[in-house]
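The lines below spell out each chain.
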Amino acid sequence: MLESYVFNSVGTRHDMDSLALKYLGHKNISFEDIAGKGKKQLTFNQIELEQAAPYAAEDADITLRLHQHLWPKVAADDKLKSVFCDIELPLVEVLSDIERTGVVIDSQMLAQHSQRLGERLQELEKEAYEMAGEEFNLGSPKQLQAILFEKLELPVIKKTPKGAPSTAEEVLQELAHDYPLPKLIIEHRGLSKLKSTYTDKLPLMVNEKTKRVHTSYHQAVTATGRLSSTDPNLQNIPIRSEEGRRIREAFIASPGYKIVAADYSQIELRIMAHLSQDKGLLNAFAEGLDVHSATASEVFSVPLADVTSDMRRKAKAVNFGLIYGMSAFGLARQLDIPRHEAQHYMDKYFERFPGVLEYMERTRESAAEKGYVETLFGRRLHLPEINARNGARRKAAERAAINAPMQGTAADIIKKAMIAVHQWVKEQPKDSVKILMQVHDELVFEIKEQNVAAYTEQICALMAAAAELDVPLIAEADSGDNWQQAH
């Protein structure tokens, strides 16, 4: 699985059946073939030996044959070989340990939070009925369509493949600028998702034996090399909303321990500075300036001391927008400003940070020529659509080409940090420190109270040493009784 993922993360799914079909032209016996389907499905110990043996033996045979097919492809390139041997393979043990450790949650707090969310959802429903002049099911796209576009006659922004007006998230976001009901629907959707995915579900996921929740990490899913997690998905708990923060409060430390969260400071922008070698960005980080304020000072042509919080907010949107290959149109929508104003900010930015523009153009050209881009450590993201005739697809691939080296390098760095920190954890007294979670650029620990200060310092130092960049790589940490307090 990992060989296939390192060789080409987007070429196929990386489960054994998909790989056998793609690389060996072989269709595996499926579990349903021997065990049946649905309620009557047998467990493996109930299956006759005559059927179980070929199924099990095929797994072993196909694993070896896939390895013999894929390993030479990975080993032929020193960088890919290093990504596999030095990052992905050692990470398996780290993730296994994190999954087994699990995290303590406060089920009672979540139950109260669930109740509050339920009450708020009812309030929102009442408000929506008043605005619409009738009752309807807020969760039904069909009924929502009828209310928004037939009854209230709001402008149709986008249509579904079948030609009906779309009620997708981005459509509602656009309409929410001018109309109250779509804004309310967005809030309702967000809260009901939090309720069903987290506050209702997390308490049901507590393991009877360990009294903890154990997530599953997936190493071979995302295109760029980031980890993803399911049951529960830890990567999707919103951090900006009050409700999301409340969910983080329910992730608590065991008695005698504290939760410590360590994360990288502006890692993708630091990687942008390193990759683009733009002098302005390199200087801002070298001098330890707040990079968003430094950008605002350049873009708005004011001294650093005169940068207002609004200027900083806009500069931050420009900084992150560029990392994601955003256009002036996208920036205008995000900041809710006219397009020409957004274009002006971007022009000014590129005038002040010309290295970034050169890096982007270089990356687009190289991606179009090679068909892939690379992270600092040589992980590849293949871009099948980079030369597509369809303009929208090509543009999307170009945006991915600009973003992937930064997001992918950040993912590689945190994986290298996890391997180093895990090795260090094994050398500490038993149960004095545990790695609980990995979420984007952040690692979360449970540390004995008396060790918090010393261990936090060591963890940050190990994280900062995970890569050599031309700007300082900085990890910062905080502690508390729960995950939210440790932020």
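Residues numbered from 1 in each chain as written. Predicted model: local features only at pLDDT ≥ 70, side-chain atom pairs only at ≥ 80, totals over all residues. Heavy atoms only, no water.

A. Looking closely at the overall build of the protein. The number of helices and strands found in the protein is 19 helices and 10 strands. On C-alpha atoms alone, the protein measures out to a radius of gyration of 25 Å, which is about the 23 Å that the 2.2 N^0.38 rule sets for 487 residues. Each principal axis of the C-alpha atoms in the protein carries an extent, and together these give about 70 × 60 × 60 Å. By the burial criterion, 46% of the 487 residues in the protein qualify as buried. Considering only intrachain contacts with a sequence separation of at least 6, the fraction spanning at least 24 residues in the protein is 64%. A total accessible area of about 24,500 Å² is found for the protein, and carbon and sulfur atoms account for 50% of it. Of the side-chain charges in the protein, 59 are positive and 70 negative, and the distance between the mean point of each set is 3 Å. (Helix = DSSP H or I, 4+ residues; strand = E, 2+ residues; numbered from the N terminus. Rg over C-alpha atoms; globule rule 2.2 N^0.38 Å. Buried < 20%, exposed > 50% of the residue type's maximum accessible area, 1.4 Å probe, protein only. Contact = heavy atoms within 4.5 Å. Areas by Shrake-Rupley, 256 points an atom, 1.4 Å probe, with all protein chains shown as cover. Lys, Arg positive; Asp, Glu negative; His and termini not counted. Charge placed at Lys NZ, Arg CZ, Asp CG, Glu CD.)

B. Inspection of helix α10 (residues 242–249) at higher detail. By the burial criterion, the buried members of α10 are Gly244, Ile247 and Arg248. Axial view of α10: buried residues confined to an arc of 100°, hence all on one face. Where α10 is buried, its residues contact α6 (107–132), α9 (180–199), β4 (251–252) and β9 (442–448). (Arc of directions from axis to C-beta.)

C. Inspection of the environment of Asn207 at higher detail. Position of Asn207 relative to the elements: it lies in the loop between α9 and β2 (216–218). Asn207 sits in the partly exposed class, given a relative accessible area of 31%. Taking the C-alpha atoms as reference points, Asn207 and Lys348, separated by 141 residues in sequence, lie 54 Å from one another. Ignoring any residue separated from it by four or fewer positions in sequence, one finds Asn207 in contact with Arg212 and His214.

D. The sheet that holds strand β8 (residues 433–439), seen in detail. The antiparallel open sheet is built from 4 strands, whose spatial order is β8-β9-β5-β10. On the outer flanks of this sheet lie β8 and β10 (475–480), each paired with one strand and no other. Between one strand axis and the next, the sheet turns through 25° on average, direction left out of account. The pairing of strand β5 (residues 257–264) with β10 spans 6 bridges and is classified as antiparallel. The partner of Ala262 across the bridge, within β10, is Ala477. (Pairing = 2+ DSSP bridges. Axes fitted to C-alpha atoms, helices over the stretch in contact; angles between N-to-C directions.)

E. Quick look at the pairing of β5. Counting buried positions along β5 gives 6 out of 8 residues, so the element sits mostly inside the fold. Bridge count between β5 and β9: 7 bridges; the pairing is antiparallel. When the bridges of β9 are listed, Lys258 appears paired with Ile447.

F. Looking closely at the nonpolar core. Ranked by internal contacts, the top residues of the largest apolar core, which has 108 residues, are Phe251, Tyr264, Met272, Tyr349, Met437, Phe445 and Met463. Discounting chain neighbours no more than four positions away, the residues touching Phe251 are Val103, Val104, Ile105, Leu202, Leu234, Ile237, Ile259, Met437, Asp481, Asn482 and Trp483. (Core = buried A, V, L, I, M, F, W, Y, C linked by side-chain atoms within 4.5 Å.)

G. Quick peek at the environment of Ile414. Along the chain, Ile414 falls in helix α18 (residues 391–427). Separated by 50 residues in sequence, Ile414 and Ala464 place their C-alpha atoms 9.7 Å apart. Once residues within four sequence positions are removed from consideration, Ile414 is found in contact with Tyr264, Gln438, His440, Asp441, Glu442 and Leu443.

H. Representation of the pattern of salt bridges in the model. For the structure on display, the rule yields 27 salt bridges. Where Lys195 meets Asp200, a salt bridge forms, and the shortest distance between an N and an O atom there is 3.1 Å. Exposure remark for Asp200: the relative accessible area of 34% places this residue in the partly exposed category. Because the salt bridges share partners, they merge into one network encompassing Asp77, Lys79, Glu374 and Arg380. (Salt bridge = Lys/Arg side-chain N within 4 Å of Asp/Glu carboxyl O.)

I. Quick look at the packing of aromatic side chains. Overall, the coordinates contain 10 aromatic pairs when judged by the stated rule. Look at Tyr129 and Phe136: their rings are 6.1 Å apart centre to centre, the planes differ by 70°, and that puts the pair in the edge-to-face class. Judged by relative accessible area, which is 21%, Tyr129 ranks as partly exposed. Between Phe300 and Tyr345, the aromatic rings sit 5.2 Å apart at their centres with planes inclined by 70°, giving edge-to-face as the arrangement. Of the two residues, Phe300 is situated in the loop between α13 (291–299) and α14 (309–323) and Tyr345 in helix α16 (residues 339–352); the sequence distance between them amounts to 45 residues. Members of the aromatic cluster, joined through ring pairs, are Phe31, Phe44 and Tyr55. (Phe/Tyr/Trp six-rings, centres within 6.5 Å; stacked < 30°, edge-to-face > 60°.)

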